[in-house]
Amino acid sequence: MNNLEKLFAGKKGGLFMAHMIAGCPTMEESEKVAEALVKGGADIIELQIPFSDPMADGPAIAVASEEAIKGGATVAKSLALLEKVARLGKPVAVMTYLNIPFRYGISKFVTKIAKTGASALIVPDCPFDTEEGRELLTACKETQVYLIPVVSPGVPKERLEQLATDASGFVYCTSRQGITGANSKFAKELVDFVKELKEIFKLPIAVGFGVKSKEDVAELAKVADIVIAGSFFIHVIKTSSPGSVEKSLKSLIS
Amino acid sequence: MTKKITYGGAYVPEMLWDTLRKLTAEFEGAKKDANFQNEFQNLLRNFSGRPTPLIFAERATKDLGGAKVYLKNEGANHTGAHKITHCLGQGLLARRLGKRMLIAETGAGQHGVATATVAAKLGLECVVFMGSEDIRRQRPNVFLMERLGTKVVPVEYGSKTLKDAVNEALKFWMEHLDEAHYCIGSVLGPAPYPEMNRYFQSVIGREIRSELMERENKLPDAVVACVGGGSNAMGSFYDFIADASVKLIGVEAGGIGKKIGEHSSRKIAGELGIFQGYKSLFLQTEEGQIAPTHSISAGLDYPGVGPELADLYTNGRVELTYATDAEAVSAVDYFAKLEGVISALESAHALAEVRKIAPKMSRDSIVVATLSGRGDKDLFNFARAFKDESFRDFLKDEYNRYE
Ligand SMILES: Cc1ncc(COP(=O)(O)O)c(C=O)c1O
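If you're wondering where the values come from, they're calculated on a predicted model, not measured in any experiment.

The next subject is the overall build of chain B. For chain B, the count of helices and strands is 17 helices and twelve strands. For 403 residues, the compact-globule estimate of 2.2 N^0.38 gives 22 Å, and the C-alpha radius of gyration of chain B, at 20 Å, lies within 12% of that figure. Seen along its three principal axes, the alpha-carbon backbone of chain B occupies a region of about 65 × 55 × 50 Å. Sorting the 403 residues of chain B into buried and exposed places 61% on the buried side. For chain B, restricting intrachain contacts to residue pairs at least 6 apart in sequence, the fraction spanning at least 24 positions comes to 74%. For chain B, the accessible surface area stands at approximately 15300 Å², while carbon and sulfur atoms represent 52% of it. Side-chain charges of chain B comprise 50 positive and 52 negative groups, with the mean position of each set lying 2 Å from the other.

Right, here's the structure in full:
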């Protein structure tokens with residue numbers, strides 16, 4: 001059984017997904033970051049395989065990705081890290097941009113992350129109804145990895161309904177239109193939008209983008225089943241140390 | 001059996017789905033709308049100055065000793081390059097869509113200046129993203145954009161060139177979808193951009209055909225254009241695709257060598273990939289990281305090529321080749337002395353190819369090179385490339401006058 005399925009069977013809401021980048025600040029220390037996130041109380045780890053040009057990410061993640069790649073975070077090493085992170089016992093969602101699996105070979109990539117312990121895959125620049133989206137869906141179905149749709153307030157109902165026919169696991173909803181970054185301005189229509197998502201997808205809804213304080217988490221937890229934070233931890237890693245991530249996470253979700 | 005590759009597509013986050021759908025619908029509607037066509041034609045003619053001249057390069061023809069050489073002078077357009085054509089088209093569409101702002105990326109600054117100009121003309125706000133490396137190389141265009149009332153935002157990360165400017169523009173767009181139209185500067189990005197910009201730019205090829213018919217009463221044997229993203233090339237080639245006798249040659253930036261990071265040629269090292277919303281040939285690493293590129297010309301310094309052009313190249317209809325930095329600089333000098341045209345460094349790549357192929361072609365054949373832009377913007381680069389002492393003294397003087 002998929003680890004996420006197990007998680008959702010036991011706990012319906014109040015979950016937290018913590019994001020990290022393979023190779024940030026270094027490959028060795030990434031493992032410590034993952035451990036700190038688990039100890040700090042993360043229910044799901046989102047592991048980003050760095051891509052040179054992450055289109056949906058703000059400067060914090062873009063620069064961190066660039067530095068990770070410069071520091072030697074290859075896809076092969078990121079996948080080795082995935083194996084270690086998965087062993088920590090929490091479900092892991094792999095996040096990356098389409099050119100990475102496309103070059104690796106889509107089916108080969110999905111098989112590899114499934115074997116290595118990933119429960120879900122997030123590819124924000126690959127709509128399900130493209131040739132590669134179809135390939136991803138097929139490969140994910142075969143290996144029991146959830147392919148997670150990423151949506152935002154403003155995506156019309158008609159499109160959400162299309163996506164819902166293929167969605168599994170959970171839905172990644174950005175708190176507003178735009179990109180990741182430590183700026184919490186949630187869209188006014190977010191509450192209604194998340195309600196709509198629940199009706200259409202009938203899956204747990206994860207909400208992220210711009211989460212940076214206890215207040216943000218509390219506010220989003222009112223509507224979302226899973227709250228996501230990412231750039232926040234990059235900031236913590238950069239301004240203190242991988243170890244301090246545990247404390248910061250605790251203060252975020254306590 | 002090898003699978004047929006479908007180039008292009010729209011590989012973007014879902015938040016852009018509705019915006020791209022509306023843009024596509026508006027574009028399709030505008031193609032059939034007489035009002036739009038009148039407005040677009042009027043601006044091309046009475047604002048940009050079309051049709052642009054087709055120059056018979058008589059002295060160069062004699063010197064090269066082969067094919068008759070013609071230059072399609074897109075540099076005669078308002079703002080000095082072909083870029084204004086797709087900016088006018090997109091600006092009108094943006095207004096029809098009720099947007100109040102244009103955003104753009106720019107490399108050489110030509111597309112940025114053209115967008116800024118169109119925004120001013122149509123009464124729209126304008127924000128242009130430009131890599132800080134390109135700002136350094138093309139500072140005069142930054143000044144012009146700011147004079148036109150545009151906000152120029154430097155991009156300080158990544159390779160700090162054109163691809164990073166596209167990334168930043170896309171991101172800014174995703175945060176301002178309701179009010180802004182992203183005026184992409186070449187035949188790339190997610191659908192409908194490649195087709196849309198090619199549609200607007202295809203006026204270049206139609207004019208070449210009719211101007212040459214009038215003068216020579218025949219078709220060219222070859223059409224040559226430089227290729228960054230491919231907008232002036234697709235614009236020049238499109239009308240001739242069905243004419244099998246017309247060779248279509250795209251010239252990429254050969255830079256200073258064949259190693260990754262030394263050039264921007266997809267012919268040398270392009271591999272199929274998916275980036276910035278479209279599937280095409282990209283300079284990238286084995287693992288799919290986008291690779292650094294180099295060209296003396298900021299406008300060709302980009303890792304990808306428009307999907308329609310990649311398709312025409314893979315199926316053999318378009319030939320790709322490249323010219324080095326040094327060949328481009330030398331071609332500027334050659335055509336300046338012989339023909340009285342100072343070419344942009346981008347376009348000079350096409351001119352360099354003409355110098356190679358014209359001597360090998362028969363005297364009754366015709367080669368047309370698209371002079372995508374004039375060289376004013378490269379004044380400082382030329383002065384440095386030619387190690388012009390007096391220009392250096394002038395700069396010192398000018399600096400002192402500021403104090
Ligand atoms: C004069 C000129 N020519 C060519 C280009 C390259 O673009 P494209 O290949 O889209 O024509 C540029 C881009 O900035 C340019 O300014």
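Now that the structure is up, let's keep going.
Packed helices, taken two at a time, are described by the angle their axes make and the gap between the axes. Residues and elements named next belong to chain B. Running from N to C, helix α5 (residues 110–122) and helix α7 (residues 139–147) cross one another at 10°; their axes reach a closest spacing of 9 Å. Taken together, the axis directions place α5 and α7 in an arrangement best described as roughly parallel. In contact with Q110, G112, V113 and A116 of α5, α7 contributes N141, L144 and M145. Partitioning the contact of α5 with α7 into residue classes produces four nonpolar, three polar and no charged.

A word on the domain arrangement of chain B. It is common to give the size of an interface as the accessible area that goes away when the parts come together. All names here are of chain B. The domain architecture assigned to chain B consists of domain 1 (15–45 + 81–196) and domain 2 (51–80 + 202–384). Averaged C-alpha coordinates put domain 1 and domain 2 at centres separated by 22 Å. Between domain 1 and domain 2, the buried area comes to about 2500 Å², and carbon and sulfur atoms account for 61% of it. Looking at the side of domain 1 facing domain 2, the largest losses of area belong to H82, R137 and K163, adding up to 23% of the total buried there. Where domain 1 meets domain 2, there are one salt bridge. Notably, a salt bridge pairs R137 with D301, separated by 2.9 Å at the nearest N-O pair. Our count for the contact surface shared by domain 1 and domain 2 stands at 14 residue pairs in polar contact (both at pLDDT 80 or more). Broken down by element, the residue count for the side of domain 1 that touches domain 2 peaks at five residues, all from helix α8 (residues 162–175). For the side of domain 1 that touches domain 2, the residue count by class is 13 nonpolar, 13 polar and five charged.

Our next topic: the sheet that holds strand β7 (residues 222–226) of chain B. All names here are of chain B. Strand order in the open sheet formed by six strands is β1-β2-β12-β7-β8-β11, and the pairing between neighbours is mixed. Looking along the sheet, the strands with just one partner apiece sit at the ends: β1 (54–56) and β11 (318–324). The sheet shows a mean angle of 25° between the axes of neighbouring strands, taken without regard to direction. Here β7 pairs with strand β12 (residues 366–371) via three bridges, running parallel.

On to the confidence of the model for chain B, then. Residues and elements named next belong to chain B. Here chain B shows a mean pLDDT of 96. Residues at 70 or above account for 100%. Across chain B, β7 holds the top mean pLDDT of 99, while helix α16 (residues 379–385) sits lowest at 88. Here the prediction assigns the complex a pTM of 0.96, and the interface score ipTM is 0.95.

Turning our eyes to something else, we now look at the interface of chain A and chain B. Contacts between the two partners involve 43 residues from chain A and, on the opposite side, 36 residues from chain B. Taken together, the two surfaces of chain A and chain B that pack against each other cover about 3200 Å², and 52% of this comes from carbon and sulfur. On the chain A side of the contact with chain B, D53(A), M55(A) and R103(A) bury the most area, a combined 22% of that side's loss. Along the contact surface separating chain A from chain B lie six salt bridges. With a closest N to O distance of 2.6 Å, D53(A) and K163(B) form a salt bridge.

A separate point is helix α2 (residues 34–48) of chain B. Along an α-helix, residues three or four positions apart point the same way, because every turn accommodates 3.6 residues. Residue and element names in this part refer to chain B. Here α2 is 15 residues long and its end C-alpha atoms lie 20 Å apart, about the 21 Å a rise of 1.5 Å per residue gives. Burial in α2 covers these residues: F36, Q37, F40, L43, L44 and S48. Around the axis of α2, the buried residues are gathered within 135° of arc, so they sit on the same side. The exposed residues of α2 that point more than 90 degrees off its buried face are A34, N35, N38, R45 and N46. Looking at the buried positions of α2, the neighbouring elements they touch are α1 (17–31), α4 (83–96), α5 and α9 (193–201). The backbone nitrogen of N35 lies 3.0 Å from a side-chain oxygen of the residue at the head of α2, namely D33. Immediately downstream of α2, the backbone of G49 shows phi near 95°, a positive value.

Right, let's get into the site of the ligand. Residue and element names in this part refer to chain B. Around the ligand sit 18 residues, and of these S186, G228, G230, S231 and S372 come closest. H82 is positioned with one of its side-chain polar atoms (N or O) 3.0 Å from an oxygen atom of the ligand. Within the backbone of G230, a nitrogen or oxygen atom sits 2.7 Å from an oxygen atom of the ligand. Look at the ligand: alone it shows 390 Å² of surface, and the protein chains cover 98% of it. Taken atom by atom, the bulk of the ligand overlaps the largest cavity. For the shell around the ligand, the per-class residue count stands at five nonpolar, eleven polar and two charged. When residues of the shell around the ligand are sorted by domain, at least three fall in each of domain 1 (15–45 + 81–196) and domain 2 (51–80 + 202–384).

Another point: the layout of surface pockets. Residues and elements named next belong to chain B. Its boundaries defined by the atoms lining it, the largest pocket holds a volume of some 740 Å³. When contributions to the lining of the largest pocket are tallied by element, the ones reaching two or more residues are α6 (132–137), α7, α16 and α17 (389–402). In terms of residue count, the dominant contributor to the lining of the largest pocket is α17 (five residues). Residues of the lining of the largest pocket, tallied by class, amount to nine nonpolar, three polar and six charged. There are two domains that each give the lining of the largest pocket at least three residues, and those are domain 1 (15–45 + 81–196) and domain 2 (51–80 + 202–384).

Thresholds, definitions, all that
- Residues numbered from 1 in each chain as written.
- Chains lettered and ligands numbered in written order.
- Predicted model: local features only at pLDDT ≥ 70, side-chain atom pairs only at ≥ 80, totals over all residues.
- Heavy atoms only, no water.
- Helix = DSSP H or I, 4+ residues; strand = E, 2+ residues; numbered from the N terminus.
- Rg over C-alpha atoms; globule rule 2.2 N^0.38 Å.
- Buried < 20%, exposed > 50% of the residue type's maximum accessible area, 1.4 Å probe, protein only.
- Contact = heavy atoms within 4.5 Å.
- Areas by Shrake-Rupley, 256 points an atom, 1.4 Å probe, with all protein chains shown as cover.
- Lys, Arg positive; Asp, Glu negative; His and termini not counted.
- Charge placed at Lys NZ, Arg CZ, Asp CG, Glu CD.
- Axes fitted to C-alpha atoms, helices over the stretch in contact; angles between N-to-C directions.
- Parallel < 35°, antiparallel > 145°, perpendicular 65-115°, else oblique.
- Nonpolar A, V, L, I, M, F, W, Y, C, P; charged D, E, K, R; others polar.
- Domains from an automatic or database assignment.
- Buried area = accessible area lost by both parts, 1.4 Å probe.
- Salt bridge = Lys/Arg side-chain N within 4 Å of Asp/Glu carboxyl O.
- Polar contact = N/O pair within 3.5 Å; in protein donor to acceptor, adjacent residues only side chain to side chain.
- Pairing = 2+ DSSP bridges.
- pLDDT = per-residue confidence, 0-100.
- Expected span 1.5 Å × (residues − 1).
- Arc of directions from axis to C-beta.
- Near = heavy atom within 4 Å.
- 1 Å grid on protein atoms, 1.4 Å probe; cavity = no way out; pocket = protein on both sides within 12 Å on 5 of 7 lines; lining within 4 Å.
- Sits in = over half its atoms within 2 Å of the grid points.
- Points joined across faces, edges and corners; volume = space filled by probe spheres on them.

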